[in-house]
Every structure is written in C-alpha cells, then in structure tokens.
Protein chains: 2
Amino acid sequence: MKKINRKNFIKTAAISTAAVSAGIFTGCSTEQNNNSAAVISNKHYEWKMVTTWPPHFPILGEYADKFAEWIDAMSQGRLKIHVYGGNELVPPLETLDAVSSGVAEMGHGAAYYWAGKAPAAQFFGSVPFGMNAVQVNAWFEFGGGLDLWKELYNDFNLIPFPCGNTGGQMGGWFNKKINSIQDIKGLKMRIPGLGGKVITKAGGSAVLAPAGELYTDLERGVIDALEWIGPYHDYLMGFNKIAKYYYYPGWHEPGSSLELIINKNAFEELPSDLKEIIRVAAGKVNISMLADFESKNTEYYYKILNEGKIKYLPFPKDVLSTFKKLNKEVVDNITSNDAMSKKVYASYKKFQKNISNWYEIAERNYI
Amino acid sequence: MKKINRKNFIKTAAISTAAVSAGIFTGCSTEQNNNSAAVISNKHYEWKMVTTWPPHFPILGEYADKFAEWIDAMSQGRLKIHVYGGNELVPPLETLDAVSSGVAEMGHGAAYYWAGKAPAAQFFGSVPFGMNAVQVNAWFEFGGGLDLWKELYNDFNLIPFPCGNTGGQMGGWFNKKINSIQDIKGLKMRIPGLGGKVITKAGGSAVLAPAGELYTDLERGVIDALEWIGPYHDYLMGFNKIAKYYYYPGWHEPGSSLELIINKNAFEELPSDLKEIIRVAAGKVNISMLADFESKNTEYYYKILNEGKIKYLPFPKDVLSTFKKLNKEVVDNITSNDAMSKKVYASYKKFQKNISNWYEIAERNYI
C-alpha cells in the first residue's frame, strides 16, 4: 500500500476543486505523429483455445468466442484464436491436459473441474457458502488469490487468468418439497463437486449424469432433484416443464469463477503487446459475462415465474445451516489432506470474513 | 435474444459431456504464420485525457493512469495518452467541455458532474437508493442504459463508456447522533447532488465546500456532518480523527459509476484496432477498480474500527425510509421537467425493479 500523507492528499484534492482554470497547457502536442517510425511487430500467431463448454454454449461458450473476436480486432489479426467447444478438439475434461501439453495454447473453463489433479483448484472455481463475484475478484486481484492460483498452476506449465463469473446460481429443481434436513435423506440429486459431497453427508446421494440425460432422468424419476445453473440456462434445458419447485439460493455456487488458462511456453513467446491484450481482454470478459448472466437470469426468472407452473421456494433455514456445517467438514477434510489446499483456503477464508463484514455495512440496504 | 431450440441445446450439451475423445483435430495448424504480410497500421496518436480527479488521486486517478499505461502497452505505443489531473490542463468541472470541444480527446470523471448541462446525466453516475455496481453495469450493457447514455452525449459530440465504479459508499461522518428524521432538521452537511437535495428537503442544509476545506470545516463546527467516499479515502482525509460517528449505508451513492468520455471526431479517426483496445480497456477498469475499492475499503473499515475511536452506526430505519420518499420527490421533479431524464429514469427504474427481485433470490443469503 502506497503511503499517502494526509496533508499532501488534501492539498492535491484542493487543487482539483479550486475553481481556477489553468488555461490550455501547451507542453504536449495534440498533433498526431503520423510519420514516426516505431517498430511494429508483424509476427502472426494462430492459436487454439479448447473449452469445457459445448460449442457456442449460451453465455459461457459465447464469451470464449467473443474473447477471440476482441483479441483478433485489438491485434489487427496478429493473434488468431480458434475456439473449440468440448469434444471438437479434445473432450471437455481434458482441457487442462491439452493446454498443459501444448496441444492447444489456451483453454476456457472452471478450475473446479481439476480437483482430481490438484484439490486446491476448486477454491478458484466455486466454494459453497463462499464469496460472490465481486468479492472473489477482489481476492484474486488484491487479496493474493491470483498469486496462489499461479503458484498452483505453475506445476502444470499453465498461467491462469480470472475470465468470467456466473453470478449467484440457483439451488436446483425438486419434485419433492424440502421442509427440513430430514427430506434430504434418501434424495437422489444430480449435483457435482463440493455441493455433492455435502448432499451425501446429509444422507442424500449425489448423482453425476451427462447434461443431455438430465431432463429425462428428472422426468422419469431416476433422480429426484438436480441443479444446473440459473433461470436462463435452466429454462433452455426445459426443467421448468417437469419440476415442481425451484429452490434458492444456490448455496453451493454463490458466484462461480471461470478461468482462462494459457500454456506457459506459448505465452512467453508472445510479444508484450499481445500479452497485455490477453490480460485486459480477460478482465473485460469478467465484467461483461457477469452483467450478461445477471440480466438474462433476471429476464428468465420472470419468464418462469409468469408461466405460473413453478414455485420458487427458499431452502428452510435449518437446511442451509446444516449444509453450511457439513460443508465445513468437507472443506476441512480437503485442507487437512493437502498442504496447498490448506494454504489457499486459509487465504480465501480470511479474505471472505473481512470483505463480508464490509459488505454488511456497504451493501445490505440495497439487496 | 437468440432463440435456442431446447433439443439442440441438449444435444450440444450432450456432445460436450460424453466421454468420447475426438482425438487431435487436424483441420487447423498450430504453426505460427510468421511470414504472413498483413498490413499493420503504423500511425501514431498522442492524446490528452483530462480528469475530474486531483492528479494520481487514490484509485480514481490511479485508474486513469493505468488505463493510459495499458493502452500504451496494448498498442505498442501507437496510442499515447497523457493524463491530466484536475486543473493541470483545465479545471475538473470543465472536463466535459474540454473533451466536447477537442481541447482534450478524452476525459475521465463521473456523469453527475454534468447535471447542470444535461439533467439526465446524473442517472448514469449515481442514483440514491439506486442500483449497485454489478446491477448498473448490467443495465448499461444489456438493459439499454449505454444506448441512452450515447444518445444523451451525442449532443455534446461525445462517446461515453462506463469506466469504473466505486462500489457502495458510506453515509458520512457526523458529530451528532441521528436518532430520528428530526435530527436532520437544521443539520449542516456537506453533501452534493441528489443526496444534497434530499437533505435539504428533510430540513437540513446541504453545503458545498472544496475538498481541501472539509477537514477544517468539520473540526471547527462550520459543518455538522459530511460525506466523502468510503473508509479508504475518508481515512486518508483524516475524518476519523475529528468525527464521532461514521454512518452507513451510503444511501445516496450505492455504487457510483465513472465514465470515460471521448471526443467523437477524435474517436472516429482511430483505426478499428485502437477503438477496440479502448473499449476493452474501459471494461477492465470497470472490474479492477471495483475490486480495488472493495478490498481497500475492507482494509480501512477495519483500520478505523480497530483504532477504537469511531462508532459505525446504521441510519435508523425511519430516516432511510424518509430519505427514500424525499428522493422520489427530488427525482420526480427532475423527470417531470426534462423529457430525456424521464426516458432515462424510466429505463433505469424498470431495470432496477426487475434485477433487485432476482438479487433477492440469488444473493440474499450471501451478503
């Protein structure tokens, strides 16, 4: 933190607000130096970006496409990125390996997919009862989160960038009313990751199933419940036609971060302008994707509501508090078995505690 | 909104999650086409950016500086932006005129400063009891907000870009306890803009004073209260040394947007890559400045708390609800006297109502 002397601070503040015109400063020419002969790098790059999303998947895949378009435009075509949906080049869950080995130079996905390779990765994706989109971006950029992420991915020959966030998700679709934690017992629910472990601890069974089978599985009663994303994506999947209740909040994914990963050798070969173009474009994805999610989820929240068939219900308080307690056990188990998870989560937890208290002050009257 | 057929959607989702490797796709070469002879524009631009902030002002001025640095790096020095603090080239409140007339090509500030020239401008800066940072960005990009902003600024020969947000601010510093709305009567408070009009309607007097005089004015009792920004900036001003109570929330500035304004003729002269570099960099400022504000405000929230001299107090509910009612009168007065304000605020209000209901569902258990 740069130290700022209060008196100087006030002095500069005063300069600004004093109503004295400095007139037109003439030390700097507005003329364009059209004839300057700077060396412009003309080297071209054709890169592949593999993703964990279906091709052009609403919002998530669309921003991988946009990211490539923006970079094409910003670099005057000097960095062409060919975006591949899952299975177009490699299977979605081989994205990390493909970028690590250089089969593709770039990948777009979510860090929690790599929990099997590096347990600490999931804390960069989504943490049940964790931080929201704005808070987690503050942790990445100013709370040491991104440095830890880089440290973790260095072993995979990768450089990570935060690149998008889903915002708050929904708790999921249920055909059975959840009145107390007892109703989770025996519940077959499609829910992956840490959330799934919590459901299992609560006596339910966490089922994994391909996205393409979810509709039919819920319709036929193979599963009793499922979570997907939020109103927009869930409506596109048609779950509103076959479920009774739509529960909130999405305690298991309060603001899932997406990641851009880049093969380290490939990145280091780039000239500095293209490196900066990538870094800045990832930041633009970060704010625009979140805005897109929030606005489409708002629209589809009403669409589902207005069709009148679905009841939005909050999870009962005791259910959420039990989930929270069980989640602590799940996380403790991970952090006690993996030193890097312990280090990452300690940083995450401390930042969350502090920023949540500030949010309580700053935001509580506006939500 | 692109229509997506549910079956196709599920099909593509299924492709992605099926555990079948497509092997290495060979249709696209990873080799770098080093010899391609694209035409790279070599034209150089030297621009001036005037700002409403003191030079290098913490966070706000710093991001104007960073924005220029990033663009320098991304453009290989083809777009050099010289950043001027308030009064270094023109007085801060002449920023809009300077960019409009082409004295400077760019400006960074906040739209509510231009309420005197275009009343509707303030709805793009900050609205008491309005949207938070994420919500307002969703409105700009996906709710028609930015289009309206462009429409308004077109008359000034300007193109606006959302470029930063302060996040939730604080309610201000008081040396007198606010127990009910009666305590606002006779209160002399430094508070500009719509918030100031609300205080006046509540029987107080809204005082304007240069930043450099605020400390002394509060210390000597010339004013009874003041609002500035939030814990970080307020601490740098030393208000914690001379006030008793620090009230929250910042009802008058729940998430103030900052703006980048560009002279239309200057922008249109740029090649398309530099245009895109500017647009994308403004988006990166948007997310990083917010993250910076939230993390520094968190740090200084604790710093002030731990020094033990200041009490953080919430405004009583009846005070806030009265402010809200009076704010409605203030806004109604503006919108009934200015057609563009009416149009802009109608769009703002509708978007706020909808997205707030979605936030109630998605975020309420996390704040």
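Parameters and conventions
Sequence positions are assigned chain by chain, starting from 1 and proceeding in written order. To label them, take the chains in the order written and letter them from A, then take the ligands in the order written and number them from 1. Where totals are concerned, whole chains, interfaces and linings use all residues; where local detail is concerned, this predicted model gives features only for residues with pLDDT of at least 70, and gives and counts side-chain atom pairs only at 80 or more. Note that water and hydrogens are dropped before the side-chain values are worked out from all heavy atoms of the structure. The pLDDT value tells you how sure the predictor is about a given residue, anywhere from 0 up to 100. Any two residues whose heavy atoms approach within 4.5 Å at even a single point are treated as in contact. Numbering of helices and strands runs from the N terminus, with a helix taken as a DSSP run of H or I at least four residues long and a strand as a DSSP run of E at least two residues long. Partly exposed residues are those whose accessible area sits between 20% and 50% of the maximum for their type, while under 20% is buried and over 50% is exposed, using a 1.4 Å probe and protein chains only. Paired strands are those between which DSSP finds at least two bridges. Throughout, right-handed denotes a crossover for which the path from the first strand over the helix to the second runs clockwise when the strands point away from the viewer. Helix span, as expected, comes to 1.5 Å for every residue beyond the first. Here, a salt bridge means any side-chain nitrogen of Lys or Arg that lies within 4 Å of a carboxyl oxygen of Asp or Glu. Polar contact is the term for a pair of N or O atoms within 3.5 Å; when the atoms are in protein, one must be able to donate a hydrogen and the other to accept it, and sequence-neighboring residues count only if both atoms are side-chain atoms. Each aromatic pair joins two rings of Phe, Tyr and Trp (for Trp, the six-membered one) with centres within 6.5 Å, and gets the label stacked for planes under 30 degrees apart, edge-to-face for over 60, and tilted for any other angle. Only a pair of cysteine sulfur atoms within 2.5 Å qualifies as a disulfide here. For every domain, the bounds stem from an assignment made automatically or drawn from a database. Buried area is a sum: the accessible area each of two parts loses on coming together, probed at 1.4 Å, counted once for each and added.

Draft legend 1. A look at the confidence of the model for chain A. All names here are of chain A. Mean pLDDT over chain A stands at 89; residues scoring 70 or higher make up 88%. Counting contacts from residues 1-38, a segment whose pLDDT is below 50, to residues more than four positions away or on other chains yields 77 contacts. Predicted as a complex, the structure gets a pTM of 0.90 and an ipTM equal to 0.89.

Draft legend 2. Structural detail: the environment of L326(A). Residues and elements named next belong to chain A. Tracing the sequence through the fold places L326 in helix α11 (residues 317-337). By relative accessible area, which is 8% here, L326 ends up buried. For the pair L326 and K201, spaced 125 residues apart in sequence, the C-alpha to C-alpha distance is 6.7 Å. Discounting chain neighbours no more than four positions away, the residues touching L326 are V198, K201 and A202.

Draft legend 3. Seen up close, the pairing of strand β1 (residues 45-51) of chain B. Residue and element names in this part refer to chain B. Most of β1 sits inside the fold, with 6 of its 7 residues counted as buried. Sheet analysis places β1 next to strand β2 (residues 79-84), joined by 6 bridges and oriented parallel. Each bridged residue has a counterpart across the sheet, and for M49 the counterpart in β2 is V83. As a crossover connection, the stretch from β1 through helix α2 (residues 60-74) into β2 is right-handed.

Draft legend 4. Quick look at helix α2 (residues 60-74) of chain A. All names here are of chain A. In a regular helix each residue adds 1.5 Å, so 15 residues correspond to 21 Å; α2 covers 21 Å between its end C-alpha atoms and thus fits that length. The buried count for α2 comes to 11 of 15 residues, which makes it a mostly enclosed element. Looking at α2, one finds that the buried residues are L60, G61, E62, Y63, A64, D65, F67, A68, W70, I71 and M74. One or two positions beyond α2, positive phi appears at Q76, with a value near 55°.

Draft legend 5. Representation of the pattern of salt bridges within the structure. In total, this model carries 20 salt bridges over all chains according to the counting rule given. The salt bridge partner of E151(A) is K343(A), with a shortest N-O separation of 2.7 Å. With a gap of 192 residues between them, E151(A) in helix α5 (residues 145-154) and K343(A) in helix α12 (residues 339-362) connect regions that are remote in the sequence. E151(A) gets classed as partly exposed once you look at its relative accessible area, which sits at 38%. You can call K343(A) partly exposed: its relative accessible area is 41%. R78(B) is paired through a salt bridge with D273(B); the nearest N and O atoms lie 2.6 Å apart. With R78(B) in the loop between α2 and β2 and D273(B) in helix α10 (residues 272-307), this residue pair connects regions lying 195 residues apart in the sequence. D273(B) shares its class with R78(B); the two are buried.

Draft legend 6. Structural context of unusual backbone geometry. The residue after Y248(A), namely P249(A), is reached through a cis peptide bond having omega -5°. With respect to the secondary-structure elements, P249(A) resides in the loop between β9 (245-248) and β10 (257-263). Phi is positive for N87(B), which is not a glycine, with a value near 75°. You can see N87(B) is positioned in the loop between β2 and α3 (95-101).

Draft legend 7. Geometry of the side chain of S257(A). Residues and elements named next belong to chain A. Looking at the secondary structure, you find S257 in strand β10. Of the polar contacts made by the side chain of S257, one reaches the side chain of N165; its length is 3.4 Å. Each residue touching S257, except ones within four places of it in the same chain, is listed here: A110, F124, G125, V136, F140, G164 and N165.

Draft legend 8. Spatial organisation of the sheet that holds strand β5 (residues 172-174) of chain B. Residues and elements named next belong to chain B. Judged by pairing direction, the sheet is mixed, and its 6 strands sit side by side in the order β7-β6-β8-β5-β9-β11 without closing on themselves. Each having just a single partner strand, β7 (205-207) and β11 (311-314) make up the two edges of the open sheet. Across 2 bridges, the pairing between strand β6 (residues 188-190) and strand β8 (residues 225-226) is parallel. Note that in β8 the partner of R190 across the bridge is L226.

Draft legend 9. Layout of the packing of aromatic side chains. The tally for this structure, following the rule as stated, stands at 58 aromatic pairs over all chains. Geometrically, the ring pair formed by Y245(A) and Y247(A) is edge-to-face, given 6.4 Å between the ring centres and 65° between the ring planes. Considered together, Y245(A) and Y247(A) belong to a single accessibility category, that of buried residues. Where F123(B) meets Y345(B), the ring centres are 5.1 Å apart and the plane angle is 35°; that geometry is what we call tilted. Taken as a pair, F123(B) in the loop between β3 (106-109) and α4 (133-142) and Y345(B) in helix α12 (residues 339-362) lie far apart in primary sequence, 222 residues in all.

Draft legend 10. Looking closely at the state of the cysteines. One pass over the full model with this rule turns up 0 disulfides over all chains. Here C163(A) is not cross-linked by a disulfide; its sulfur's nearest cysteine counterpart is in C163(B), at 19 Å. On the basis of relative accessible area, C163(A) is assigned to the buried category, the value being 2%.

Draft legend 11. Looking closely at the domain arrangement of chain A. All names here are of chain A. Here the domain parsing of chain A yields domain 1 (45-167 + 255-295) and domain 2 (172-253 + 309-339). The centre of domain 1, based on its C-alpha atoms, is set 26 Å off from the matching centre of domain 2. On the domain 2 side, the residues contacting the 17 residues of domain 1 number 18 residues. Taking both partners together, domain 1 and domain 2 bury about 1,400 Å²; carbon and sulfur atoms supply 70% of that area.

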